[in-house]
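Descriptive analysis of the structure
Read off the chains here:
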Amino acid sequence: MMQVEATLPPWPVRSAYLAPPDFESVLEQELQRKGAGDLCWHGRLALSAVPPVNSLWALETWHEPEMHDVPSIKGAARIMRAIQRNWAGYVPMLHRRSALITDALPPLRPKPFTFPAAAPTAHLGAWTLLCADRLLLSRTKTSPFVNGEVPFVENRTDPPSRAYLKLWEALLRLGRWPVAGETCIDLGACPGGWTWVAAGSGAQVTAIDRSPLADNVASLPNVTCRYESAFGLDPESCAPVDWLFSDIIAYPARLLALARRWIASGRAGRIVMTIKFQGETDHETAEAFAAIPGGHVLHLWHNKHELTFFWQRDPS
Ligand SMILES: C[S@@+](CC[C@H](N)C(=O)[O-])C[C@H]1O[C@@H](n2cnc3c(N)ncnc32)[C@H](O)[C@@H]1O
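As annotated in an unreviewed UniProt entry, the protein carries the name Ribosomal RNA large subunit methyltransferase M and is attributed to Komagataeibacter saccharivorans.

Okay, here's the thing in structure tokens:
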């Protein structure tokens, strides 16, 4: 288990950002670009003296950090109970003490999601012990999930890759998924995890990749495979689709041009696209994706060195 030193920043904490495991430095680069100032790290939680900035990489942002002296476990729980019911602890250190605080709070029993499912709507705050007698809490945070984690009851037999979890999470966060009667294009579909998700919902799916899909997906009656480059496909030549999915491995700038082309064509109702990075993170292109009207960008719990771009034609 990672050893974490007690962290007490010499300034009032005005915002906090939880980094995805192994992506602390990417988050730090992003926060520096966005003017979050000096950071003080508490495990994967970056504490800042500056009010919240819009982070694409944080699993969650704590909007309203408050520091409290807590000489006792009961005292810590009392402070949080007096504010609201639901609290998720981030515990990189002081595990025993934090567990006792958790036991003294109203129970929170998050269960793995069974897809399809919508994200929880219950209000959820966050807390952590910076040292034995210092509690940092935030009544609000950007993610409705405990520590930004989105566990699923997995299917270990049918999908040909674990990439399906990324699309499950994206659709859960949207609260919408393809349904029978809708149409989808899946760019960069091989070996077929995303196509398996979309087809499993009953929609018609056109899977596009130069490599073949796994047989159990390619043979589904509502899947059509096209062996060609996604970049050579002219959206104007396609019938309108309800969903455009893309999990292509390509340079972010190339994916941005692809997304813009599909948006300009008016041929896609919604887009879910992975923005993949190799080597250095291209923050500039990530921000250009985030600036597209009708779009937003998140780092999903199931993303690796990736972000996910969401866009819809008619926001509703
Ligand atoms: C990460 S994999 C996709 C995984 C897939 N979403 C799944 O769930 O199984 C990326 C895919 O992009 C495909 N790809 C890369 N460049 C492409 C292009 N120009 N056109 C179509 N597919 C491409 C690769 O062949 C590869 O199969």
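A few words on the site of the ligand. As a structural note, the neighbourhood of the ligand is formed by 19 residues, with Ser161, Trp194, Asp209, Ala230 and Asp247 the closest of them. The contact in question runs from an oxygen atom of the ligand to an N or O atom on the backbone of Pro191, over 3.4 Å. Within the side chain of Asp247, one N or O atom sits 2.9 Å away from a nitrogen atom of the ligand. Look at the ligand: alone it shows 600 Å² of surface, and the protein chains cover 85% of it.

Moving on, we get to the domain arrangement of the protein. Segmenting the protein into domains produces domain 1 (15–148) and domain 2 (164–312). At the interface, 19 residues of domain 1 touch 21 residues of domain 2. Interface of domain 1 and domain 2: buried area, both sides summed, is about 1,900 Å²; carbon and sulfur atoms make up 70% of it. Per-residue buried area on domain 1 facing domain 2 is highest for Leu56, Trp57 and Phe115; these three make up 40% of the total on that side. Close ionic contact of Glu287 with Arg33 constitutes a salt bridge, the shortest N to O distance being 3.1 Å. Scanning the region where domain 1 abuts domain 2 turns up three residue pairs in polar contact (both at pLDDT 80 or more). Counted by class, the side of domain 1 that touches domain 2 contains 14 nonpolar, two polar and three charged residues.

All told, the structure shown has 17 salt bridges when counted by the stated rule. Salt-bridge contacts for Glu60 lead to Lys141; the nearest nitrogen and oxygen are separated by 2.5 Å. One end of the pair, Glu60, is in strand β4 (residues 60–62); the other, Lys141, is in the loop between β8 (134–138) and α4 (164–174), and 81 residues separate them in sequence. Two residues, Asp314 and Arg313, come together in a salt bridge whose shortest N-O distance is 3.8 Å. For Asp314, a relative accessible area of 54% translates into the label exposed. Within the structure, one salt-bridge network assembled from shared partners comprises Lys166, Asp247, Lys276 and Glu306.

What follows concerns the side chain of Thr61. The residue Thr61 is located in strand β4 in this model. A relative accessible area of 4% places Thr61 in the buried class. Among all residues touching Thr61, those that are not within four sequence positions of it are Ala16, Tyr17, Pro52, Ser55, Thr140, Lys141 and Thr142.

A few words on the packing of aromatic side chains. A complete count under the given rule lists 13 aromatic pairs for this structure. For the pair Tyr164 and Trp196, a centre-to-centre distance of 5.5 Å together with 85 degrees between the ring planes defines the contact as edge-to-face. Here Tyr164 is found in helix α4, whereas its partner Trp196 is found in helix α5 (residues 193–200), with 32 residues between them in sequence. For the pair shown, Tyr164 and Trp196 are each scored as buried. Three or more aromatic residues joined by ring pairs make a cluster, and in this case those are Phe113, Phe115, Phe145, Phe152, Tyr164, Trp168, Trp177 and Trp196.

Cut-offs and rules
- Each chain carries its own residue numbering, running from 1 in the direction its sequence is written.
- Local features are withheld for residues below a pLDDT of 70 in this predicted model, meaning they are given only at 70 or higher, and side-chain atom pairs are given and counted only at 80 or more; totals for whole chains, interfaces and linings count all residues.
- To obtain the side-chain values, all non-hydrogen atoms of the structure were included, while hydrogens and water were left out.
- Being near a molecule or strand, for a residue, comes down to having at least one heavy atom within 4 Å of it.
- Here a polar contact is taken to be a pair of N or O atoms separated by no more than 3.5 Å, where protein atoms must pair a possible hydrogen donor with a possible acceptor and residues adjacent in sequence count only if both atoms sit in side chains.
- Only the protein chains shown count as cover for residues, and the accessible areas themselves come from Shrake-Rupley with a 1.4 Å probe.
- For the domains described, the bounds stem from an automatic or database domain assignment.
- Any two residues having at least one pair of non-hydrogen atoms within 4.5 Å are treated as being in contact.
- Using a 1.4 Å probe, buried area is obtained as the accessible area two parts lose upon being combined, added over both of them.
- Just to be clear on terms, a salt bridge is a Lys or Arg side-chain nitrogen sitting within 4 Å of an Asp or Glu carboxyl oxygen.
- Throughout this entry, Asp, Glu, Lys and Arg are counted as charged residues, while Ala, Val, Leu, Ile, Met, Phe, Trp, Tyr, Cys and Pro are counted as nonpolar. The remaining residues, Gly among them, count as polar.
- Strands here are runs of E lasting at least two residues and helices are runs of H or I lasting at least four, both read from the DSSP assignment and numbered beginning at the N terminus.
- Relative accessible area decides the class of each residue, using a 1.4 Å probe on protein chains only: under 20% of the type maximum gives buried, over 50% gives exposed, and in between gives partly exposed.
- Stacked, edge-to-face and tilted are the three classes for Phe, Tyr and Trp ring pairs, Trp counted by its six-membered ring, which pair at centre distances within 6.5 Å; planes under 30 degrees apart are stacked, over 60 edge-to-face, the rest tilted.

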